[in-house]
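Descriptive analysis of the structure
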Amino acid sequence: MANVDITTGICGLPTRVVLTADEDQLVTIRIESACPHIQAMQAELAELDGYTEVFARFSESAVYAAADKHCKHLACPVPAAIIKGMEVACGLALPKDVIIHIEK
């Protein structure tokens, strides 16, 4: 299981994704978000083949297809966070925070 908490930036709409993988790497995804666009992705991402998704091309990813359909902001970090959480839930990566630090 992996819990991913995403602080999205200037929009201020937090998201939590809970990912649970079974022994066949079928991943159950639960999205809790203050963003209605991210929450709309839930219906299409309830269960995914974790191994297939983690190693997919961007153009073949169900996560990025759902983001393309529902998400209104290209720079939203949530789709990448879902994939990172899926890697951890499937045992394909160790849990480690990803940081994007922006200055002007």
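Check the entry above for the structure.
Described in the following lines is the structure provided in the data block. From a predicted model like this one, the values you see are computed outputs, not experimental measurements. (Residues numbered from 1 in each chain as written. Predicted model: local features only at pLDDT ≥ 70, side-chain atom pairs only at ≥ 80, totals over all residues. Heavy atoms only, no water.)

With that out of the way, let us pick up the side chain of T15. The residue T15 is located in strand β2 (residues 15–21) in this model. Reaching out from T15, the side chain makes a polar contact with the side chain of S33 at a distance of 2.7 Å. Once you skip the residues sitting within four places of it in the chain, T15 turns out to touch V4, D5, I6, T8, I31, E32, S33, I38 and V78. (Helix = DSSP H or I, 4+ residues; strand = E, 2+ residues; numbered from the N terminus. Polar contact = N/O pair within 3.5 Å; in protein donor to acceptor, adjacent residues only side chain to side chain. Contact = heavy atoms within 4.5 Å.)

Attention shifts here to the environment of Q42. Note that Q42 resides in the loop between α1 (36–40) and β4 (47–49). Relative accessible area serves as the criterion here: at 18%, Q42 is assigned to the buried category. For the pair Q42 and R30, spaced 12 residues apart in sequence, the C-alpha separation works out to 6.9 Å. Excluding residues that lie within four positions of it along the chain, Q42 makes contacts with I29, R30 and I31. (Buried < 20%, exposed > 50% of the residue type's maximum accessible area, 1.4 Å probe, protein only.)

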